[in-house]
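# Overview (structure and organization)
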Number of protein chains: 2
Amino acid sequence: METITIKTSTHDYDVSIGKGLRFQLKTFIPNTHSHVYIISDSNVAPLYLDDVINHLSSTYKVSYTIVPAGEGSKNSRLYFDVMTELIDSGLDRHGLIIALGGGMIGDLAGFVAATYMRGVDFLQMPTTILAHDSSVGGKVAINHPAGKNLIGAFYPPVAVVYDVDTLHTIPFTEIRSGYAEIAKHSMIHHPPFWNTIQSVQLGEQLNDEALMRDLLQGIRVKANIVELDEKESNIRQFLNFGHTLGHALEAELGYGVLTHGEAVAIGMLFALEVSEKTFQVDLPRTAFFQWLERNNYPLSLPKITTQTLINRMKRDKKSKNDTVTMVLLEELGKPVMVDMDEPRLSQWLDEFMRKMVIR
Amino acid sequence: METITIKTSTHDYDVSIGKGLRFQLKTFIPNTHSHVYIISDSNVAPLYLDDVINHLSSTYKVSYTIVPAGEGSKNSRLYFDVMTELIDSGLDRHGLIIALGGGMIGDLAGFVAATYMRGVDFLQMPTTILAHDSSVGGKVAINHPAGKNLIGAFYPPVAVVYDVDTLHTIPFTEIRSGYAEIAKHSMIHHPPFWNTIQSVQLGEQLNDEALMRDLLQGIRVKANIVELDEKESNIRQFLNFGHTLGHALEAELGYGVLTHGEAVAIGMLFALEVSEKTFQVDLPRTAFFQWLERNNYPLSLPKITTQTLINRMKRDKKSKNDTVTMVLLEELGKPVMVDMDEPRLSQWLDEFMRKMVIR
């Protein structure tokens, strides 16, 4: 088992990564809790919920709810329904909420925990690679029809327990989605990490050792940044590399057409292109494109007008006063925030989308 | 103008109290903001919204929304609608939300501010006496059909600007409601403050000097307590004196039948009676009852079964493991938390309710 400690303004917490941790979960729960409420989804619950309940129920009162899998469950109605179930279960302010699932469950359960009776403890049990990103840093949220994560809070968990066994059951599209964020962490950090990722072939060949190595390194990059800027006043925004267009694509296509990581991968491709044009530098744009192709990332898009995407990008939380702000790379490992000139952005996005649509 | 500084775990903020402060509002707004969004209600907006907009609009982009007056607006649907209006107005993470109104507006706008794009700054402009309580301490929330304030957060404002001019337009029932919380602050603090309050006659005779004196003293009591226990782990619960039964009555009768303070006043009467029986002490129970009568507080209740109220009291956020926990007074100014024995509580509540119903 490997452990990384994350510092926040309110408390420190450990991210523990290892095999079979779901059978050791009790050791990560402070004994001040007596009632544990598990929130999981319809994909993950059939696989691991029984393991967790069986392990915990000799020590705790255990309640649970299962929400439909998919980003669509991060909506205000379901959020409110879960609140009602928590109340009906008798969970009080001293209860613990466990998020058993991927990033969607972490975001939803985390926002529920942040706002149930003004905040109860929560523990994350990520079951996807992508959740290595979302489970660190305390961001929790639900979506609004106008955009992703527009309703949320900063609310760090009390612990993250990452059982790598649970990563073997995720579909290939989720492996791709998770590795896109790992690739992002590698590019905004330092070149050696990208070199490692570049040689990773996703799929059957991916073994536990390589997976744990990449997850740990990804979490370290993220932890370094969020510890310096928990509330995203400045450098934390670097983590949004690839997300400005990524979020716009996700929202425009409807959540679930592309996975989050697949959308971000396309966003990174665009951000690399814009970076090269803006700073007249060579970046591993082609190498990244080839890595995406080799690993079967979806790289063709339906036709969407440039203006539609730009309007979406303006509503991004980074943007200020109706200007699109993007994270670009001055060089590999050196991210920077840039307020984009709209006509130029529009032209570059137009060119980019034409390439992606005709493929 | 008088100022009290409140310390919180994230930042300090000032509560400023004085006449005509709505015309000096700019001096309380940090110049990092460019877009200000005012949330007010249908009672307060016709009286003061224009003053505030006229004062601010030369310096800031100003948007606003007006919600129906009354506790009923603290619901999840309206919360979500306000979120949509904020997005439509173009407010970004650097915006400022101003809560112009009483406790309901402070709670709703505060919870909106706490969760809009994971948190934007907000400033409270309380326009009721009751809001001297709710505007200090950072508690924000909306209601759930199962109970008050079950969905919320701890989210302190950046400033509280209390224009006492705005207190002259509130109806008498709201003056009573506010003074019930002032009376509560006096009883959990030290005897001299209760002696002052005891001699206050509400209504026309209440002048600005007496009002500011009592507001300041009430805020000081509250500030002392919340600074020591921001997240309500221990002594902050003393502020719930009278609230266990008070909340149950409010919820059972439907919000709006009794004002919050009127319900708390009845709750305090019961808490005083239970305190006397539990600790065999003499408390100013009769004096408080007479003060309530003299100031025309509603003291007759419709018939409600004791069990119904006890079930509500068990769902109170202070309660743990299905036991009703009440704040009692060992003596005047010495509050203490007590886990109640249910059969005894039930008998005392039965006797109490019989007195209140037959009046």
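A short tour of the structure in this document, coming up. These figures come from a predicted structure and were not determined experimentally. Per chain, the residues get numbers from 1 upward, laid out in the order the sequence is written. Whichever chain is written first becomes A and whichever ligand is written first becomes 1, with later ones labelled in order. Whole-chain, interface and lining totals are the exception, using all residues; otherwise, since this is a predicted model, local features are given only for residues with pLDDT of at least 70 and side-chain atom pairs are given and counted only at 80 or more. Here the side-chain values reflect all heavy atoms present in the structure, with hydrogen atoms and water set aside.

## Describing unusual backbone geometry
All names here are of chain A. Formally: Here a helix means four or more residues in a row that DSSP labels H or I, a strand means two or more in a row labelled E, and each is numbered from the N terminus. With a 1.4 Å probe rolled over the protein chains alone, any residue whose accessible area is under 20% of its type maximum counts as buried; one over 50% counts as exposed, and the rest are partly exposed.
One non-glycine residue, Met-117, lies in the positive phi region at around 50°. Note on placement: Met-117 falls in the loop between helix 3 (103-115) and strand 6 (121-126). When its relative accessible area of 6% is taken as the criterion, Met-117 is described as buried. Of note in the backbone geometry, Glu-232 takes a positive phi value of approximately 55° without being a glycine. Here Glu-232 shows up in the loop between helix 7 (208-228) and helix 8 (243-253). The class for Glu-232 is buried, based on a relative accessible area of 5%.

## Overview of the sheet that holds strand 3 (residues 35-41) of chain A
Residue and element names in this part refer to chain A. To keep it simple, the criterion reads: In short, DSSP must find at least two bridges between two strands for them to pair. Helix axes are fitted only over the stretch in contact, all axes being lines through C-alpha atoms; the angle between N-to-C directions runs from 0 to 180 degrees. Note on contacts: a residue pair is in contact if any heavy atoms of the two residues lie within 4.5 Å.
Strand order across the open sheet formed by 7 strands is 1-2-9-6-5-3-4, with mixed pairing between neighbours. In the strand order of this sheet, the two ends are held by strand 1 (2-7) and strand 4 (61-67), each with one partner. Shown here is a sheet whose adjacent strand axes are inclined to one another by a mean of 15°, direction ignored. Strand direction decides the pairing type here: strand 1 and strand 2 (residues 12-18), joined by 6 bridges, are antiparallel. By the bridge assignment for strand 2, Glu-2 is matched with Ile-17. The strands that helix 7 touches are strand 1, strand 2 and strand 9 (159-163); relative to strand 1, the one it contacts most, it runs at about 15°.

## A few points about the sheet that holds strand 5 (residues 96-101) of chain B
Residues and elements named next belong to chain B. Strand order in this open sheet of 7 strands is 1-2-9-6-5-3-4, and the pairing throughout is mixed. Looking at which strands have only one partner, the edges of the open sheet turn out to be strand 1 (2-7) and strand 4 (61-67). Neighbour to neighbour, the strand axes of the sheet diverge by 15° on average, direction disregarded. One ladder, built from 5 bridges, connects strand 2 (residues 12-18) with strand 9 (residues 159-163); its direction is parallel. Across the sheet, the residue bridging to Asp-14 is Ala-159, located in strand 9.

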